[in-house]
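Structure assessment
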Amino acid sequence: MLVLVAPGQGAQTPGFLTPWLELPGAADRVAAWSDAIGLDLAHYGTKADADEIRDTAVAQPLLVAAGLLSAAELGSRSAFGAVAGHSVGEITAAAYAGVLADADALAFVRTRGLAMAEASAVAPTGMAAVLGGDRDTVVAHLDKLGLTPANINGAGQIVAAGTEAQIEALVAEKPEGSMKVVPLRVAGAFHTHHMAPAVATLEEAAKALTPADPELTYVSNKDGLTVATGADVVARLVGQVANPVRWDLCMEAFAELGVTGIIELCPGGTLTGLAKRALKGVPTVALKTPDDLAKAAELVAGHGA
């Protein structure tokens, strides 16, 4: 069973969209999306520096646009048995599964990025990755410091989120058994109660959506469960911004579904890296540039499509 996954914020790098815009029709699609959401995606994906694309309001629509562009190059969806996304990547996954039209997904993620950026500006907050250590021990240590385990990614990686003072305390006192704590250059404490104002904004934005039921098995990063209705997918997309991401449970779900291959949409690498450690022996392909499409096609062909 082949699974398609879409990465979240932090996967973007300066210029990563450049080779994808050289594909037939890609530049026109991106230009239309840019006009629709009021953001020059081509500029940010080709010419902007790391600081510019770190901006939450920019990074999120840029990632969804890149994911949709690369997904369109994979051809028929018939080879894929399941789809999932990490954080904002869930919007890409929802579009690929047929829950949202591409234009609606871009409009929704634009609202999401702006709302989360606004919520982040309320107080100085941040995130840090804890590498290694027992999961329960790490989570208990975070709780002691008042931090939230915002991303439980599996493969020995948990991302903590909270105030800047709480992050500094974590750096000074890492959890027992962990190898190191790495502060992340992000704009705020995503997937925590600090994002509550963004939830209210997205609840209003969701009223304009007309979601369809998923055409592929859709695995939610809230709890690793499969979601059967479009309405439930959208409800989870709304609440997700203030809830932890349980990518560890997604990978457990992939294993239970019988995963035999994983393709990660552009800008790929993060999720396939986790899969190589947590789902040993499962073939993976990360779409970083169009040159990776040939390897993806081989994996797709091996799954009967």
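Keep in mind it's a predicted model, so treat the numbers as computed, not measured.

1. Some remarks on the layout of surface pockets
- By volume, the largest pocket amounts to about 590 Å³.
- In terms of lining, the largest pocket is formed by 29 residues, of which the most central are Gln9, Gly10, Ala11, Leu184 and Val186.
- Elements supplying a minimum of two residues to the lining of the largest pocket: α3 (50-54), β4 (148-154), β5 (157-163) and α12 (270-278).
- Of the residues belonging to the lining of the largest pocket, the class tally is 13 nonpolar, 13 polar and 3 charged.

2. Section: the pattern of salt bridges
- Enumeration according to the criterion identifies 12 salt bridges in this entry.
- With its nearest N and O atoms 3.9 Å apart, the salt bridge here joins Arg135 to Asp136.
- Residue Arg236 pairs with Asp223 through a salt bridge whose shortest N-O separation is 3.0 Å. Residue Arg236 is located in helix α10 (residues 230-240), and its partner Asp223 is located in the loop between β7 (217-219) and β8 (226-227); the two are separated by 13 residues in the primary sequence.
- Overlapping salt bridges, with partners in common, bring together Arg135, Asp136, Arg246 and Asp248 in one network.

3. Notes on helix α5 (residues 89-96)
- Within α5, 8 of the 8 residues are buried, which leaves the element mostly enclosed by the surrounding structure.
- The complete set of buried residues in α5 reads Gly89, Glu90, Ile91, Thr92, Ala93, Ala94, Ala95 and Tyr96.
- If you follow the buried residues of α5, they end up packed against β1 (2-6), α4 (56-72), β2 (80-85), α6 (102-120), β7 and α10.
- One or two residues past the end of α5 sits Gly98, with phi positive at roughly 90°.

4. Comments concerning empty space enclosed by the protein
- This model, assessed by the stated rule, comprises 1 cavity of 30 Å³ or more.
- If you add up the space inside the largest cavity, you get close to 30 Å³.
- Along its surface, the largest cavity is lined by Ala6, Pro7, Leu63, Val64, Gly67, Val88, Gly89, Thr92 and Cys266.
- Counting residues per element, the ones that place at least two in the lining of the largest cavity are α4 and α5.
- Examining the composition of the lining of the largest cavity, we find that 3 residues originate from one element, α4, more than from any other.
- Grouping the amino acids of the lining of the largest cavity by side-chain chemistry returns 6 nonpolar, 3 polar and no charged.

5. Quick notes on the packing of α5 against α10
- Between α5 and α10, the shortest axis-to-axis distance is 10 Å and the interhelical angle comes to 170°. In terms of axis orientation, α5 runs roughly antiparallel to α10. Taking contact as the criterion, the partners of Glu90, Ile91 and Ala94 in α5 are, on α10, Val233, Leu237 and Gln240.
- For the contact of α5 with α10, the per-class residue count stands at 4 nonpolar, 1 polar and 1 charged.

6. Some thoughts on the side chain of Asn153
- In this fold, Asn153 is placed in strand β4.
- There is a polar contact of 2.8 Å between the side chain of Asn153 and the side chain of His86.
- The contact partners of Asn153, leaving out residues within four places of it in the chain, are His86, Val159, Trp247, Asp248, Met251 and Leu274.

7. Quick look at the environment of Thr46
- Mapped onto the elements, Thr46 comes out in helix α2 (residues 41-46).
- Given a relative accessible area of 26%, Thr46 falls into the partly exposed group.
- Those residues in contact with Thr46 that sit more than four places away from it in its chain are Gly15, Leu17, Thr18 and Leu21.
- Here the side chain of Thr46 touches Ala42 through a polar contact of 2.6 Å, landing on its backbone oxygen.

Rules behind the numbers
- Residues numbered from 1 in each chain as written.
- Predicted model: local features only at pLDDT ≥ 70, side-chain atom pairs only at ≥ 80, totals over all residues.
- Heavy atoms only, no water.
- 1 Å grid on protein atoms, 1.4 Å probe; cavity = no way out; pocket = protein on both sides within 12 Å on 5 of 7 lines; lining within 4 Å.
- Points joined across faces, edges and corners; volume = space filled by probe spheres on them.
- Helix = DSSP H or I, 4+ residues; strand = E, 2+ residues; numbered from the N terminus.
- Nonpolar A, V, L, I, M, F, W, Y, C, P; charged D, E, K, R; others polar.
- Salt bridge = Lys/Arg side-chain N within 4 Å of Asp/Glu carboxyl O.
- Buried < 20%, exposed > 50% of the residue type's maximum accessible area, 1.4 Å probe, protein only.
- Contact = heavy atoms within 4.5 Å.
- Axes fitted to C-alpha atoms, helices over the stretch in contact; angles between N-to-C directions.
- Parallel < 35°, antiparallel > 145°, perpendicular 65-115°, else oblique.
- Polar contact = N/O pair within 3.5 Å; in protein donor to acceptor, adjacent residues only side chain to side chain.

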